[in-house]
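Structure assessment
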Amino acid sequence: MDSSIEQQLVQRPVPVHIAMIMDGNGRWAKERGMPRVFGHREGVNTVRRMVETCGRLGVGYLTLYAFSTENWGRPQPEVNALMELLVSTLRAELAKLHENQVRLHTIGRTADLPVACQKELDESMRHTANNTGLNLILALSYSAKWDIVRAAQGLAKQAATGHIAIDDIDDQAFKGALSTCNFPDVELLIRTSGENRISNFLLWELAYAELYFSKTPWPEFSEHDLYTAIQDFQNRERRFGKTSEQLINEI
Ligand code: FPP
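Residues numbered from 1 in each chain as written. Predicted model: local features only at pLDDT ≥ 70, side-chain atom pairs only at ≥ 80, totals over all residues. Heavy atoms only, no water.

A word on the sheet that holds strand β2 (residues 61-68)
Here is the rule: Two strands make a pair as long as DSSP finds a minimum of two bridges between them. Helical segments are the DSSP runs of H or I of at least four residues, strand segments are the runs of E of at least two, and each set is numbered from the N terminus. To obtain each axis, a line is fitted to C-alpha atoms, and for helices this fit is confined to the stretch in contact; angles are then taken between N-to-C directions over 0 to 180 degrees. Any two residues whose heavy atoms approach within 4.5 Å at even a single point are treated as in contact.
Across the sheet, which stays open at both edges, the 6 strands sit in the order β3-β4-β2-β1-β5-β6 with parallel pairing between neighbours. The sheet is open, and its two borders are formed by β3 (103-107) and β6 (210-213), each paired with just one other strand. Neighbour-to-neighbour, the strand axes of the sheet open up by a mean angle of 20°, direction not taken into account. With respect to the sheet, helix α3 (residues 36-57) is in contact with β1 (17-21), β2 and β4 (135-142), its orientation differing from that of β2 by roughly 160°.

Quick look at the site of the ligand
To be explicit about the condition: Summary of the distance rule: residues count as near a molecule or strand when at least one heavy atom falls within 4 Å of that molecule or strand. Polar contacts here mean pairs of N or O atoms no more than 3.5 Å apart (in protein, one a potential hydrogen donor and the other a potential acceptor; neighbouring residues in sequence count only if both atoms are side-chain atoms). Using only the protein atoms, space was sampled on a 1 Å grid; points where a 1.4 Å probe fits but cannot get out form cavities, open sets with protein on both sides within 12 Å along at least five of seven lines form pockets, and lining residues are those with an atom within 4 Å of a point. Assignment of a molecule to a cavity or pocket requires that more than half of its atoms lie within 2 Å of the corresponding grid points. Residues are grouped as follows: nonpolar covers Ala, Val, Leu, Ile, Met, Phe, Trp, Tyr, Cys and Pro; charged covers Asp, Glu, Lys and Arg; every other residue, Gly included, is treated as polar.
Taken together, 17 residues lie around the ligand, and M22, D23, R27, R36 and R74 are the ones closest in. Interatomic distance of 3.2 Å between a backbone N/O atom of G24 and an oxygen atom of the ligand. Contacts to the ligand include R74, whose side-chain N or O atom sits 2.7 Å from an oxygen atom. Among the detected pockets, the ligand sits in the largest pocket. Of all the elements in the fold, those that place two or more residues in the shell around the ligand are α2 (25-31), α3 and α4 (76-99). Within the shell around the ligand, the residues separate by chemical class into 7 nonpolar, 6 polar and 4 charged.

Details of the nonpolar core
Threshold: Grouping buried Ala, Val, Leu, Ile, Met, Phe, Trp, Tyr and Cys residues that are joined through side-chain atoms within 4.5 Å yields what is termed a nonpolar core. A simple rule labels every residue: compare its accessible area, found with a 1.4 Å probe on the protein chains alone, to the largest value its type can have, and call it buried under 20%, exposed over 50%, or partly exposed in between.
Within the largest apolar cluster, 40 residues are counted, with the highest numbers of intra-cluster contacts made by I18, M20, L62, L136, I190 and L226. Those residues in contact with L136 that lie beyond four places of it in its chain are V51, L62, L64, L97, V102, R103, L104 and H105. Ranked by size, the runner-up nonpolar core spans 17 residues in total, among them Y61, I137, V186 and L202.

Considering the packing of α3 against helix α8 (residues 223-234)
Rules: Oblique is the label for every angle not falling under 35 degrees (roughly parallel), over 145 degrees (roughly antiparallel), or within 65 to 115 degrees (roughly perpendicular). It is the rotation of the near helix from the far one that decides the hand of a crossing: anticlockwise by less than a right angle makes it left-handed, clockwise makes it right-handed.
At their nearest, the axes of α3 and α8 sit 10 Å apart, and the two run at 45° to each other. Overall, the two elements α3 and α8 adopt an arrangement that is oblique. Of the two elements, α3 crosses α8, and the hand of that crossing is right-handed. Counting all contacts with α3, which are made through R49, M50, T53, C54, R56 and L57, the residues of α8 involved are E223, L226, Y227 and I230.

The structure is reproduced here in structure tokens:
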């Protein structure tokens, strides 16, 4: 932790919602002659660093892509190890998360997860439900296309039964039907390990996000890497489709 940099960062707007694609665990482990799972275990230390740093900086929401619907296709031992890691991490970290006022949420098809995982998640969410600090959102068995299709089906059902008019299906109604309906849209997306892709993550919610791609693998992503990403975000001009001149006139 570098408190002087943190003090500087909070002088300017810090992203309200940061999303992270935690990539590179497997490659990082293989480069060290270790099994992929070693990289995931090391990756938990980065999760802890990010949660603590975002909490200190006053970030409102941190969404982590912990397991995609596509990840079910990985070798079964790796899938099992990731599920066990999730349970053991929640057990080990819950007291600290609670003490730090972190509130836990999930998005995704969590009914697909092993029962032990679902129980641990439910218990952790219930335990932290009244916390008022960082909202930590774990995307588990999640894909953006799944969520968008699910939202469209929900709205279509409501229209078919006359509960809403088709013309009332607008941007806001659609957002309200997504599993992220209670969270603001993402302002900064960070992906580690050198891949410049979105990989089916939060497609709707990223519409106006600033994208930041780091070459550092997730297990090595440090507080300083996060500071750099936030500084980069703070130096960008966010025009939302307008011109620079219009933005100056709005101030
Ligand atoms: C991607 O790296 C990472 C994952 C699919 C899993 C991320 C999980 C963790 C960091 C641990 C558990 C998380 C929590 C929230 C407790 P990769 O395996 O695709 O890396 P590669 O591209 O190098 O193969």
